Amino acid sequence: MSSNPFEIAPILEGIRRWVVIETPTERPDQVNKLADVVAAGYRDLPASVERVAGRDGCGDHLVIRSSWGQEGVPGILVLSHLDTVHPMGFIERLPFKIEGDSAFGPGIYDMKGGAYLAYQAFRQICADDVRPPLGITQLYVSDEEIGSPTSRSLIEAEGRQAKYVLVTEPARKGGKVVTGRKGIARFNVFIRGAPAHAGTRPEDGRSAIRELGHVIQTLEAMNDLTRGITVNVGVVRGGTRPNVIAELAYAQVDMRVPTMSHADELLPKILGISSRTEGVGVKVSGELNRPPYEKTSAGAALYEHAKKLAAELGFELLDTFSGGGSDGNFTAPYAATLDGLGVEGKGAHTPHEQIYISSIEPRTRLLYRLYQTLR
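Residues numbered from 1 in each chain as written. Predicted model: local features only at pLDDT ≥ 70, side-chain atom pairs only at ≥ 80, totals over all residues. Heavy atoms only, no water.

To continue, consider the overall build of the chain. Each helix and strand counted, the chain has ten helices and 18 strands in total. Taken along its principal axes, the extent of the C-alpha atoms in the chain is 85 × 45 × 35 Å. Contacts spanning at least 24 positions in sequence make up 79% of the contacts within the chain whose residues lie at least 6 apart. A total accessible area of about 16,100 Å² is found for the chain, and carbon and sulfur atoms account for 51% of it. Across the chain, the 42 positively charged side chains and the 45 negatively charged ones have centroids separated by 2 Å. (Helix = DSSP H or I, 4+ residues; strand = E, 2+ residues; numbered from the N terminus. Contact = heavy atoms within 4.5 Å. Areas by Shrake-Rupley, 256 points an atom, 1.4 Å probe, with all protein chains shown as cover. Lys, Arg positive; Asp, Glu negative; His and termini not counted. Charge placed at Lys NZ, Arg CZ, Asp CG, Glu CD.)

Structural data, given as structure tokens:
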């Protein structure tokens, strides 16, 4: 161990090793290649590594538990994901490189940088003479970028057993942590009308596309920015030719709500949308796939504790509310959850994704201090 366990160069090299293994969610073979590397990093540490086999086209999940921490006593759960949104080969467009205070690479900001910091902080805790008061469980999942369909039950089960949850999603602008997130629902709209020749027999037709127009207006009217409610019709398809009255139309819809009461109000409204036209069928299916992460008193107390630690380390830690979802949405109903503890940077999901190298040491130290002091 070097004299400074938070030295930037070796941590950055560790992040690089994780970044150069490309891990699109839909390539479980690649995600598992990274999982091998991550698991190997814990071999010499006082921790057990459990590997949960992937299913439904997703990679494996890793559950790492510290050897300390009492059975049945709720401890600290650290949530990270190994998958990225960038397709295979993107690293040629966005190679790992360092320019000034920035390090670039696919998924480096969302969230391989943050995931690596959590591992580094855990390594340091293991090297200390004194064990912290609470056991630490680190969960690395393979499918967060598609809504965590295969890891959700695992995240919720671990969240129910935890006292605190730390999420290594990237920090927000100015290094802010996240203490609340919107809930996310997804819907599919299927419409069936009756086809006819648009020139010779228009009266025989029932246009699915025209009906979809009504449905879109109904959905758009549900937007309420003052209440933080967004409903976005993001994909539409329908029809076959310009001279045929469309028999079929389809749409995909995204809804975001800040609280559970908003979800309870809007879900039945959207699922209950019906046809305005005789002879046309409208079917809406969907669900809330991430519950809102509301700032609870326990979550606020956890943030205040982190803020105090950051001040001791010499920086101000502010919090923010995010419209995007994370795995923290699944644990917030059960345990005090603090999100956005990863690295600072910018450009998540873009060709200029980068982290700020100067944020590596303070953010690693903050995670380390959280591991050390939470009780």
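From this point, the narrative continues.
Looking now at the packing of helix H4 (residues 108-127) against helix H10 (residues 360-373). What describes two packed helices is the angle between their axes and the distance between those same axes. In contact at an axis separation of 9 Å, H4 and H10 are set at 55 degrees when each is read in the N-to-C sense. Comparing their axes, H10 and H4 come out oblique. You can see that H4 and H10 cross each other, and the crossing is right-handed. Seen from H4, the contacting residues are Leu-117, Ala-118, Gln-120, Ala-121, Phe-122, Gln-124 and Ile-125; seen from H10, they are Ile-360, Arg-363, Thr-364, Leu-367, Tyr-368, Tyr-371 and Gln-372. Classifying every residue of the contact of H4 with H10 by side-chain character gives nine nonpolar, four polar and one charged. (Axes fitted to C-alpha atoms, helices over the stretch in contact; angles between N-to-C directions. Parallel < 35°, antiparallel > 145°, perpendicular 65-115°, else oblique. Left-handed = near helix turned anticlockwise from the far one by under 90°. Nonpolar A, V, L, I, M, F, W, Y, C, P; charged D, E, K, R; others polar.)

Another aspect to go through is the sheet that holds strand E17 (residues 345-346). Judged by pairing direction, the sheet is antiparallel, and its four strands sit side by side in the order E4-E5-E18-E17 without closing on themselves. Strands at the two margins of the open sheet, each flanked by one partner only, are strand E4 (97-99) and E17. When strand E5 (residues 102-104) meets strand E18 (residues 354-356), the two strands line up antiparallel, connected through three bridges. From the neighbouring strand, Ser-102 faces E18, where its bridge partner is Tyr-356. Its contacts with the sheet put H4 on E5, E17 and E18, and the angle it makes with E18 is roughly 50 degrees. (Pairing = 2+ DSSP bridges.)

Moving on, we come to the nonpolar core. Ile-15, Tyr-140, Leu-166, Ile-355, Ile-360 and Tyr-371 are the most contacted members of the largest nonpolar core, which totals 58 residues. It is H4 that contributes the most residues to this core, eleven residues altogether. Dropping the residues within four chain positions of it, Ile-15 is found in contact with Ile-108, Gly-113, Tyr-116, Leu-117, Ile-355 and Ile-360. Among the nonpolar cores identified, the runner-up in size contains 26 residues, and Phe-187, Val-215, Ile-229 and Ala-251 belong to it. (Core = buried A, V, L, I, M, F, W, Y, C linked by side-chain atoms within 4.5 Å. Buried < 20%, exposed > 50% of the residue type's maximum accessible area, 1.4 Å probe, protein only.)

On to unusual backbone geometry. In this structure, the amide linkage connecting Asp-110 to the following residue, Met-111, adopts the cis form with an omega of -5 degrees. Note on placement: Met-111 falls in helix H4. One non-glycine residue, Ser-148, lies in positive phi territory at about 55 degrees. Looking at the secondary structure, you find Ser-148 in the loop between strand E6 (136-141) and helix H5 (152-161). One non-glycine residue, His-349, lies in the positive phi region at around 65 degrees. Tracing the backbone shows His-349 in the loop between E17 and E18.

Considering all chains together, one arrives at one cavity of 30 Å³ or more under this definition. Lining the largest cavity are Thr-179, Tyr-293, Glu-294, Lys-295, Thr-296, Gly-299, Ala-300, Ala-332, Ala-335 and Thr-337. Here the residues of the lining of the largest cavity sort into four nonpolar, four polar and two charged. (1 Å grid on protein atoms, 1.4 Å probe; cavity = no way out; pocket = protein on both sides within 12 Å on 5 of 7 lines; lining within 4 Å. Points joined across faces, edges and corners; volume = space filled by probe spheres on them.)

With that out of the way, let us pick up the side chain of Glu-22. Among the secondary structure elements, Glu-22 is positioned in the loop between helix H1 (8-19) and helix H2 (28-40). Although Glu-22 is buried, it makes no salt bridge; Arg-27 carries the closest opposite charge, 7.9 Å away. A polar atom in the side chain of Glu-22 sits 3.0 Å from the backbone nitrogen of Ile-91. Once residues within four sequence positions are removed from consideration, Glu-22 is found in contact with Gln-30, Pro-87, Met-88, Gly-89, Phe-90, Ile-91 and Lys-112. (Salt bridge = Lys/Arg side-chain N within 4 Å of Asp/Glu carboxyl O. Polar contact = N/O pair within 3.5 Å; in protein donor to acceptor, adjacent residues only side chain to side chain.)

An ideal rise of 1.5 Å per residue puts 24 Å on 17 residues; helix H8 (residues 297-313) measures up with 24 Å between its terminal C-alpha atoms. Every buried residue of H8 is accounted for by Gly-299, Leu-302, Tyr-303, Ala-306, Leu-309 and Ala-310. End-on, the buried residues of H8 take up no more than an arc of 120 degrees, which puts them together on one face. Residues Ser-297, Ala-311 and Glu-312 are exposed on H8 and point more than 90 degrees away from its buried face. Taken together, the buried residues of H8 touch strand E7 (162-167), strand E8 (177-181), strand E15 (319-322), strand E16 (336-338) and H10. Positive backbone phi, approximately 100 degrees, marks Gly-314, located one or two places after H8. (Expected span 1.5 Å × (residues − 1). Arc of directions from axis to C-beta.)

Summarising the element assignment, Asp-83 is placed in the loop between strand E3 (75-81) and helix H3 (90-93). On the basis of relative accessibility, which here comes to 0%, the residue Asp-83 falls in the buried class. In this structure the C-alpha to C-alpha distance between Asp-83 and Pro-24, which are 59 residues apart in sequence, comes to 5.6 Å. In this structure, Asp-83 is in contact with Thr-23, Thr-25, Val-141, Ser-142, Asp-143, Glu-144, Glu-145 and Ile-146, ignoring residues within four places of it in sequence. Here Glu-145 takes part through its backbone nitrogen, which lies 2.9 Å from a polar atom of the side chain of Asp-83.

As a further point, take the pattern of salt bridges. Evaluation of the coordinates by the stated rule reveals 23 salt bridges. A salt bridge links Glu-13 to Arg-16; the shortest N-O distance between them is 2.9 Å. Of this pair, Glu-13 and Arg-16 both sit in helix H1, separated by three residues, roughly a single helical turn. For the salt bridge of Asp-339 with Arg-181, the shortest nitrogen-to-oxygen distance reads 2.6 Å. One end of the pair, Asp-339, is in the loop between E16 and E17; the other, Arg-181, is in strand E8, and 158 residues separate them in sequence. Across the pair, Arg-181 and Asp-339 agree in class, each one buried. When salt bridges that share partners are traced, they join Asp-224, Arg-227, Glu-265 and Lys-269 into one network.

Keep in mind these numbers describe shape, not what the thing actually does.
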